[in-house]
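Close look at the chain arrangement
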Number of protein chains: 2
Amino acid sequence: MSEQIIDATMLGACPVPLTRHDRIVLGHGSGGKLSAELIETMFLPAFRNEYLDRLDDQAVFDVNGSRLAFTTDSFVVTPIFFPGGDIGRLAVNGTVNDLAMSGARPLYLSVAFILEEGLLMGELQRIVDSMRAAAAEARVLLVTGDTKVVNRGKGDKIFINTAGVGLIERPVTISASGAKAGDKVIVSGYIGDHGMAILSQRENLTFESDIESDTAPLYDLVEGMLEIGGIHCLRDPTRGGVATTLNEIAQRSKVGIEIDEAAVPVRESVRGACEILGLDPLYVANEGKLVAIVDPVKADAVVAKMRTMKHGADARVIGTVVASPLTLVLLKTDIGGTRVVDLLWNEQLPRIC
Amino acid sequence: MSEQIIDATMLGACPVPLTRHDRIVLGHGSGGKLSAELIETMFLPAFRNEYLDRLDDQAVFDVNGSRLAFTTDSFVVTPIFFPGGDIGRLAVNGTVNDLAMSGARPLYLSVAFILEEGLLMGELQRIVDSMRAAAAEARVLLVTGDTKVVNRGKGDKIFINTAGVGLIERPVTISASGAKAGDKVIVSGYIGDHGMAILSQRENLTFESDIESDTAPLYDLVEGMLEIGGIHCLRDPTRGGVATTLNEIAQRSKVGIEIDEAAVPVRESVRGACEILGLDPLYVANEGKLVAIVDPVKADAVVAKMRTMKHGADARVIGTVVASPLTLVLLKTDIGGTRVVDLLWNEQLPRIC
């Protein structure tokens, strides 16, 4: 593949490296800096409007006085079956959660399949059955769909797109741009499970066979949190993990974020697998967790409420929003140091969702 | 590929052939009988609900008293650039039209890209620019999106999913199940242009280089028709063409449909290319045409109104809904005969949209 990386200092310009790719690379789908660059240099300039410009994981708009949320995600995970889930369950929960992160109750989902010629009918049936169960669990209806088939070798078994419509029933404004200095940073549980489950399966790491994907629908948890109040931002830290999500919030809200490494919940099995593979759990994808930025007055009550709920039993405060340094995420390490948690340039784990 | 075709007569059952495939074949994406079988034997039993069961090209539901339409389509057309359009313009107009066919004003679209590693950035930019222009023409906003990248050889340059939300502003109920005996069948213009444009490009048929895709947004036309009234069904005859659309309407409405071959508008260039390639224009895809089933009292006024509008200038009545024979589409041929226009079993033109 032909690609060019130009350091802007060579051009006598600002000291931020510019990348210029003349072809798409895997990193453009990573959720990191290359993804952001593609969005900022190509998609936003073309499609610019007040909804898209917010760069949240869902659009929120009014229709006749009702506040609706609308979102889409395609799922290209490989393998399509993995410990704790499959591409179908992921596709339902992913869109349910993107709606929930705006405070919307997920109502209706669309499902569009791109099937590769030769896909086993039995595998498709397993995926469809899994989607039915996931939709029932999340209390959403799959109301419209589409199926395309591509020639063998022009796809990879199955890709699934789900889009969703939800209703925001409370007078809340939840957005990545809502964080304020002093707010607390909450995670809803152990991080990195989904990414390491996929990678263990893909790499046949049988020594870590107890790691399962955390894929789960999170609206019930969000509803419990909204009852307490003080919720400024909600995000599900999928591609790029908690580190990428916190960077996005810091940038959109023009704040800094300080994280206490010792407070970040990581299972021993996940930590062990990450160490062997040279990965940082902060960058590993989750599919059943959320990051919340919460008014400090409400934070303890929000965590207490979350801990009473199925998908929030291990919730905790992991950090604080600070006024400076602007747009940086800092990690206070176990050994007393501080390091910047930056966006990754490229792909850590391709095709994780 | 392993597949089994069982003729039910061999089992002593009804004389309708049953297919049983243990793997997905291209025909499952054709919009014909195999697509219908996949929907009826796998997707409907799994996801059954009042919205999906209507089997229209969009779901219609109430949110706080507003009637919304919601639809999705993935686009896998090859080649991605063709005379008269490209995959991006198709992806915008396809979803705009699926909304419009319920009488809904298209409002908001989502866009999800699945990009193959190695796609030229310049090609992506052309597609994005085309989507911007198409969205402006259709007066919809692209408000939320997603980008995934798959490894080289696991996709085919670019697949695009669009989902859309529209608002039904008039007290109309338009559905494939709404046709009544006596209603008139209207098409909005020349049929088969899109499919033959793609095929000419794909097969390098330079002698038919004047055939261009008809891809166009149809809500303005629909709005004009709704002003006249009497609209019972609307469908855009995409995959499987007018023949497949009429069969679906006949089945859902439990009526027969008689078409007058001489009245069906087909360009000479399209007819010529179809003859050379052994295709029937009735089965060839359109992307800027609609089929309407209209109250006979209103039909002439509807056609007259359509002819004043950009995308309806060649509108005409091509047939009539009849009480019997039930669920069959009959064609009165130019030479005075009558033949059944059945659903195709398999794929006539794969990856046409």
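Residues numbered from 1 in each chain as written. Chains lettered and ligands numbered in written order. Predicted model: local features only at pLDDT ≥ 70, side-chain atom pairs only at ≥ 80, totals over all residues. Heavy atoms only, no water.

Regarding its fold elements, chain A presents eight helices and 16 strands. When each of the 353 residues of chain A is scored for burial, the buried share is 62%. The long-range share in chain A, meaning contacts at least 24 apart out of those at least 6 apart in sequence, stands at 81%. For chain A, the exposed surface amounts to about 12,800 Å²; the carbon and sulfur share of it is 50%. For chain A, the centre of its 34 positive side-chain charges and the centre of its 46 negative side-chain charges are spaced 3 Å apart. (Helix = DSSP H or I, 4+ residues; strand = E, 2+ residues; numbered from the N terminus. Buried < 20%, exposed > 50% of the residue type's maximum accessible area, 1.4 Å probe, protein only. Contact = heavy atoms within 4.5 Å. Areas by Shrake-Rupley, 256 points an atom, 1.4 Å probe, with all protein chains shown as cover. Lys, Arg positive; Asp, Glu negative; His and termini not counted. Charge placed at Lys NZ, Arg CZ, Asp CG, Glu CD.)

By a simple turn and slide, chain A fits onto chain B: the slide is 0.0 Å along the axis, the RMSD is 0.0 Å, and the turn is 180°. Between the two chains, the operation in question is that of a two-fold axis. Within chain A, Gly155 of chain A has its C-alpha nearest the rotation axis, a separation of 2.1 Å. Interface overlap between copies is the fraction of interface residues in one copy that are interface residues in the other; for chain A against chain B it reaches 100%, indicating a shared surface. (Least-squares fit on C-alpha atoms with pLDDT ≥ 70 in both.)

For the peptide bond that leads from Thr78 of chain A to Pro79 of chain A, omega is 5°, which places it in the cis range. Tracing the backbone shows Pro79 of chain A in the loop between strand S4 (66-75) and strand S5 (81-82). A cis amide bond, omega 0°, links Ser324 of chain A with the succeeding residue Pro325 of chain A. Along the chain, Pro325 of chain A falls in the loop between strand S14 (316-322) and strand S15 (329-332). Positive phi values are uncommon outside glycine, yet Lys254 of chain B reaches one of about 55°.

Where two aromatic rings form a pair, the distance of their centres and the angle of their planes describe that pair. A full pass over the atoms with the stated rule returns twelve aromatic pairs over all chains. With 6.3 Å between their ring centres and 80° between their planes, Phe70 of chain A and Phe70 of chain B make a pair best called edge-to-face. Pair noted here: Phe70 of chain A is in strand S4 and Phe70 of chain B is in strand S4 (residues 66-75), and the two residues belong to different chains. What makes Phe70 of chain B buried here is its relative accessible area of 0%. These aromatic residues form a ring-pair network of at least three members: Tyr51, Phe61, Phe70 and Tyr108 of chain A together with Tyr51, Phe61, Phe70 and Tyr108 of chain B. Cation over ring: Arg126 of chain B sits above Phe81 of chain B, and NZ or CZ is 3.7 Å from the ring centre. When the ring centre of Tyr190 of chain B is taken as origin, the NZ or CZ atom of Arg316 of chain B, which lies over that ring, is 5.7 Å away. (Phe/Tyr/Trp six-rings, centres within 6.5 Å; stacked < 30°, edge-to-face > 60°. Lys NZ or Arg CZ within 6 Å of the ring centre and 35° of its normal.)

Right, let's talk about the pattern of salt bridges for a bit. Residues and elements named next belong to chain A. Within the structure shown, the criterion is met by 46 salt bridges over all chains. Its salt-bridge partner being Asp53, residue Arg48 comes within 3.4 Å of it at the nearest N-O pair. Put simply, Arg105 and Glu223 hold a salt bridge, and the shortest N to O gap is 2.6 Å. With Arg105 in strand S7 (residues 104-116) and Glu223 in helix H5 (residues 219-228), the pair connects residues that are 118 residues apart, well separated along the chain. Three or more residues joined by partner-sharing salt bridges are found here, namely Arg54, Asp56, Asp57, Arg235 and Glu248. (Salt bridge = Lys/Arg side-chain N within 4 Å of Asp/Glu carboxyl O.)

All names here are of chain B. The strand order across the open sheet built from seven strands is S11-S13-S10-S14-S12-S15-S16, with neighbouring strands paired in mixed fashion. Each of the sheet's edge strands pairs with one partner strand only, and the pair in question is strand S11 (231-235) and strand S16 (338-340). Strand after strand, the sheet turns through a mean of 25° between neighbouring axes, direction not considered. Two strands pair when backbone bridges link them, and strand S15 (residues 329-332) and S16 are joined in this way by three bridges, in the antiparallel orientation. The partner of Lys332 across the bridge, within S16, is Thr338. (Pairing = 2+ DSSP bridges. Axes fitted to C-alpha atoms, helices over the stretch in contact; angles between N-to-C directions.)

Turning our attention to the sheet that holds strand S8 (residues 141-150) of chain A. All names here are of chain A. What the five strands build is an open sheet, ordered S3-S4-S9-S7-S8; its pairing is mixed. Sheet topology places strand S3 (59-63) and S8 at the edges, where each strand pairs with a single neighbour. Each adjacent strand pair in this sheet contributes to an overall mean axis angle of 20°, direction not counted. Two elements, S7 and strand S9 (residues 158-168), share eleven bridges in a ladder whose sense is antiparallel. What sits directly across from Val111, in S9, is Thr162. Against the sheet, helix H2 (residues 87-100) engages S4, S7 and S9, with an angle of about 150° to S4.

Let us look at the state of the cysteines. All names here are of chain B. In total, this model carries zero disulfides over all chains according to the counting rule given. Free of any disulfide, Cys274 has its nearest neighbouring cysteine sulfur in Cys353, separated by 16 Å. A relative accessible area of 1% places Cys274 in the buried class. (Disulfide = S-S within 2.5 Å.)

Moving on to the interface of chain A and chain B. Facing the 78 residues of chain A at the interface are 78 residues of chain B. Both faces combined, the contact of chain A with chain B buries some 7,000 Å², and carbon together with sulfur accounts for 67% of it. Joining chain A to chain B, the criterion identifies six salt bridges. We note a salt bridge from Lys148 of chain A to Asp73 of chain B, for which the minimum N-O separation is 3.6 Å. Counting every contact that joins chain A to chain B gives 24 residue pairs in polar contact (both at pLDDT 80 or more). Elements with a minimum of two residues in the side of chain A that touches chain B: helix H1 (33-47), S3, S4, S7, helix H3 (121-138), S8 and S9 of chain A. (Buried area = accessible area lost by both parts, 1.4 Å probe. Polar contact = N/O pair within 3.5 Å; in protein donor to acceptor, adjacent residues only side chain to side chain.)

The next subject is the environment of Arg89 of chain A. Residue and element names in this part refer to chain A. Turning to its location among the elements, Arg89 is positioned in helix H2. For Arg89, a relative accessible area of 17% corresponds to the buried category. Along the primary structure Arg89 and Leu349 are separated by 260 residues, whereas in three dimensions their C-alpha atoms are 20 Å apart. Beyond its immediate sequence surroundings of up to four residues, Arg89 is in contact with Gly84, Ser130, Ala134, Glu137, Thr215, Ala216 and Pro217.

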